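Architecture and fold: a report
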Amino acid sequence: KGQKTLDISDRYKISPQTISQVLKAYYDLSSKQKQKNHIVGLGIIINKGKVLIGKRKGRDLYVKYLSWVFPGGLMNSLDFEKELIIYIRHETGFTIKVERIVHARIHPDNVDDNVKIIALYFQCSIISGKQKPGGYKKRIPLIKLKWVQPTEVVRYFTTSTSDEVMNFLKRI
């Protein structure tokens, strides 16, 4: 579909608050369009050189073959950091710290032309907790959690992974 990605690399120091302001402006400008915007926050949780991924229990409405994912979920407010912490605690059992945003993109694997999925990838670290798969409210839960070498995520993910995220993972 020729979707564009926004590269937010190590060259830029962009806080979650700044990205919230940018997306609020985007919402304001795009609110006149009929297409719905779904912002999804995803946590790249790093511990001892590995990253945590989770296997979903059910199918996603918008991304047909989504199975293994970075923990996270649909953002219902512009306080992405707070919401991501809540989602990850419920999905993984861990309390995390959001370190920084890694990348933002319009997800190219979306199958619904009436919805635009904006995926925000955040680097996260564990503060406390014990690993336990689960879910939040009525969202599709994670039924399995797995620590993998950063570049091995592509062996599990059944949808596209952006070059920018893969470049970030290679540097872990």
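If you're wondering where the values come from, they're calculated on a predicted model, not measured in any experiment.

Describing the nonpolar core
Counting residues in hydrophobic clusters, the biggest one holds 45 residues, and the most contacted among them are Ile44, Phe70, Leu120, Val153 and Leu169. The dominant element in this core, judged by the number of residues it contributes, is strand β7 (residues 115-129), at eight residues. In this view, isoleucine 44 contacts Val51, Phe70, Tyr121, Phe122, Gln123, Cys124, Val165, Phe168 and Leu169; residues no more than four positions away in its chain are not counted.

Describing helix α2 (residues 80-92)
What sets the pattern is the α-helix's 3.6 residues per turn: residues three or four places apart point alike. Across its 13 residues, α2 extends 17 Å between first and last C-alpha, which sits within 8% of the 18 Å expected from 1.5 Å per residue. Within the sequence span of α2, burial applies to Phe80, Glu83, Leu84, Tyr87, Ile88, Glu91 and Thr92. Projection of α2 onto a plane perpendicular to its axis shows the buried side chains occupying an angular sector of 130 degrees, all on one side. Positioned one or two residues after α2, glycine 93 has a phi angle of 90 degrees, which is positive.

Topic: the confidence of the model for the chain
Averaged over every residue, the pLDDT of the chain is 86; residues scoring 70 or more account for 85%. Confidence drops under a pLDDT of 50 for residues 1-6, and excluding neighbours within four residues, the segment shows 12 contacts in the predicted structure.

Overview of the pairing of strand β2 (residues 36-47)
Counting buried positions along β2 gives 10 out of 12 residues, so the element sits mostly inside the fold. Bridge count between β2 and β7: 11 bridges; the pairing is parallel. Each bridged residue has a counterpart across the sheet, and for leucine 42 the counterpart in β7 is tyrosine 121. In this sheet, strand β5 (residues 72-74) lies alongside β2 in antiparallel orientation, the contact comprising three bridges. Paired with glycine 41 across the strands is glycine 73, a residue of β5.

Calculation notes
- Residues numbered from 1 in each chain as written.
- Predicted model: local features only at pLDDT ≥ 70, side-chain atom pairs only at ≥ 80, totals over all residues.
- Heavy atoms only, no water.
- Core = buried A, V, L, I, M, F, W, Y, C linked by side-chain atoms within 4.5 Å.
- Buried < 20%, exposed > 50% of the residue type's maximum accessible area, 1.4 Å probe, protein only.
- Helix = DSSP H or I, 4+ residues; strand = E, 2+ residues; numbered from the N terminus.
- Contact = heavy atoms within 4.5 Å.
- Expected span 1.5 Å × (residues − 1).
- Arc of directions from axis to C-beta.
- pLDDT = per-residue confidence, 0-100.
- Pairing = 2+ DSSP bridges.

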